[in-house]
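Coordinate analysis (summary)
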Amino acid sequence: MTTYKKYLLIWVWLIALLAAGTFISSLPISKTHAVLLILFISLTKAGLVCLFYMHMKSEKLVPIWVVAIFPFFLIGLAAALVLLGPLCFS
Amino acid sequence: MSETASTHAEVTSTGIPSGTLGMWLFLASEVMFFSGLIGAYIVLRASLPTWPHPGEELSIPLAAFNTFILLSSSMTMALGVAAVSHADLKKLRLFLLLTIALGSAFLCVKGYEYSIKFAHGHFPGTNIFFDCYFMLTGFHGIHVLAGIITNLWVLSLTYRKDFLQRKSHLVNLSGLYWHFVDLVWIFLFPLLYLI
């Protein structure tokens, strides 16, 4: 597969995940499930951008990964606070 | 080898070219900047007993369309980086122009969204929800604008005769920045609009 085709394929996946996340937000499911699903989809999108568009798949270097992992920690914190926040702060 | 090219090609003790390492360190500082903003948003939101449902205050279809635009701009930027690795200047200019156009379209849609909020009397200071909304989207918008200006500068450099020999690495660096701006939005969109 050429580089151009690979990047187009990644874009198709990103748009499909965007549609999935937006659709899930409109479903009549519990907030906990919706938050977890939507954040999982966001992490997948971010992973695709990092690995393929930012070439981290080919850059096996520790300093870059240290920088890249931080947002994943942050999104975990977001999920925990949004889900457990009313319990923690009440 | 020219000074610029040798500076970029110089490999640091980490094994990464100095220009790339510098950009990653800059992105690390940007991660900390947005972590502070998003962290403040999360703590404020979690500490309040009620929080408006984003779908009632904000337009999810408009924001989803804007996300589509920004994701597409990331693709054109990646294609631009691929074009420069093939020394294809025509395609590089085309993809840089498309990235700039899509980034500008993102800002136009954001401006339209702001105008709707202003028309409904929602400004920064109206309440904590809109404080967070304007702060996060505003700072992100400034970063998109900075990315557009950087890409315009790189586009202008492509018309120099020695671009491929001396300046082509700048496409990779501006690409890294552009993808980072896209990454920030990938997290802001669900946090502000969907959950």
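Residue numbers here run from 1 along each chain, matching the order of that chain's written sequence. Working convention: letters from A go to chains and numbers from 1 go to ligands, in the order in which they are written. Local features are withheld for residues below a pLDDT of 70 in this predicted model, meaning they are given only at 70 or higher, and side-chain atom pairs are given and counted only at 80 or more; totals for whole chains, interfaces and linings count all residues.

Side note on the overall build of chain B
Strands here mean DSSP runs of E at least two residues long; helices mean DSSP runs of H or I at least four residues long; both are numbered from the N terminus. Scanning chain B from N- to C-terminus turns up eight helices and zero strands. Walking chain B from its N terminus toward its C terminus, one meets helices and strands in the order α-α-α-α-α-α-α-α. Taken along the three principal axes of its C-alpha coordinates, chain B extends 60 × 35 × 20 Å. When each of the 195 residues of chain B is scored for burial, the buried share is 36%. Note on burial: count the other C-beta atoms lying within 10 Å of the residue's C-beta; 20 or more is buried, 12 or fewer is exposed, in between is partly exposed, and C-beta positions come from the backbone.

Thoughts on helix α4 (residues 60-85) of chain B
One less than the residue count of a helix, multiplied by 1.5 Å, gives the span that helix is expected to have. For α4(B), which comprises 26 residues, the first-to-last C-alpha distance of 38 Å matches the rise-based estimate of 38 Å (1.5 Å per residue) to within 8%. With its phi angle positive at about 55 degrees, A87(B) sits one or two positions after the end of α4(B).

Re unusual backbone geometry
Unlike most non-glycine residues, A87(B) shows phi in positive territory, near 55 degrees. Mapped onto the elements, A87(B) comes out in the loop between α4 and α5 (89-119).

As for the packing of helix α6 (residues 128-157) of chain B against helix α8 (residues 169-194) of chain B
Residues and elements named next belong to chain B. With axes taken as lines fitted to C-alpha atoms, and helix axes fitted only over the stretch in contact, angles between N-to-C directions fall between 0 and 180 degrees. As a packed pair, α6 and α8 sit with axes 10 Å apart at the nearest point and diverge in direction by 160 degrees. Compared by their axis directions, α6 and α8 come out roughly antiparallel. Our pair here, α6 against α8, has a crossing hand that is left-handed. Across from Y133, L136, H140, H143, V144, G147, T150, N151, V154 and L157 in α6, the residues of α8 making contact are L170, V171, S174, Y177, W178, V181, V184, W185, L188 and L192. Classes in brief: Ala, Val, Leu, Ile, Met, Phe, Trp, Tyr, Cys and Pro nonpolar; Asp, Glu, Lys and Arg charged; the others, Gly included, polar. Taken together, the residues that form the contact of α6 with α8 break down as 14 nonpolar, six polar and no charged. Small angles under 35 degrees read as roughly parallel and large ones over 145 as roughly antiparallel, with 65 to 115 read as roughly perpendicular and the rest as oblique. In a left-handed crossing the near helix is turned counterclockwise from the far helix by less than a right angle, and in a right-handed crossing that turn is clockwise. Contact between two residues is assigned when their C-beta atoms, built from the backbone, lie within 7 Å.

Section: the packing of helix α1 (residues 3-25) of chain A against α4(B)
Look at α1(A) against α4(B): their axes get within 10 Å of each other, and the N-to-C directions meet at 165 degrees. By the angle between their axes, α1(A) is roughly antiparallel relative to α4(B). Like other packed secondary-structure pairs, α1(A) and α4(B) cross with a definite hand, here right-handed. Contact residues: T3(A), Y4(A), Y7(A), W11(A), L14(A), I15(A), L18(A), T22(A) and S25(A) in α1(A); I60(B), A64(B), T67(B), F68(B), L71(B), S72(B), M75(B), A78(B), L79(B) and A82(B) in α4(B). Residue composition of the contact of α1(A) with α4(B), grouped by class: 14 nonpolar, five polar and no charged.

Some remarks on the nonpolar core
Grouped burial of nonpolar side chains is what soluble globular proteins tend to show. Buried Ala, Val, Leu, Ile, Met, Phe, Trp, Tyr and Cys residues whose C-beta atoms connect them within 7 Å together make up a nonpolar core. Of all hydrophobic cores here, the largest spans 66 residues; its most connected members are A78(B), V184(B), L188(B) and F189(B). Where this core is concerned, the elements lending two or more residues are α1 and α2 (31-53) of chain A together with α2 (18-47), α4, α5, α6 and α8 of chain B. No other element matches the 18 residues that α8(B) contributes to this core. Those residues in contact with A78(B), other than ones at most four positions away along the chain, are Y7(A), Y53(A) and G175(B).

Considering α2(B)
The end-to-end C-alpha separation of α2(B) is 43 Å, in line with the 44 Å expected for 30 residues at 1.5 Å each. For α2(B), the full list of buried residues reads T20(B), M23(B), W24(B), F34(B), I38(B), Y41(B) and I42(B).

Structural notes on the confidence of the model for chain A
Chain-level pLDDT for chain A is 81 on average; 63% of the residues reach the 70-or-more range. The predictor attaches a confidence to each residue, called pLDDT, with possible values from 0 through 100. Per-element confidence in chain A is highest for α1(A), whose mean pLDDT is 95, and lowest for helix α3 (residues 62-89) of chain A, whose mean pLDDT is 63.

Topic: the confidence of the model for chain B
Residues and elements named next belong to chain B. Averaged over every residue, the pLDDT of chain B is 90; residues scoring 70 or more account for 93%. Model confidence for chain B, summarised as mean pLDDT per element, is weakest for helix α1 (residues 3-9) at 45 and strongest for α5 at 97. The low-confidence segment residues 1-7, where pLDDT is below 50, has seven contacts with residues more than four positions distant or belonging to other chains. This prediction of the complex comes with two scores: 0.88 for pTM and 0.89 for ipTM.

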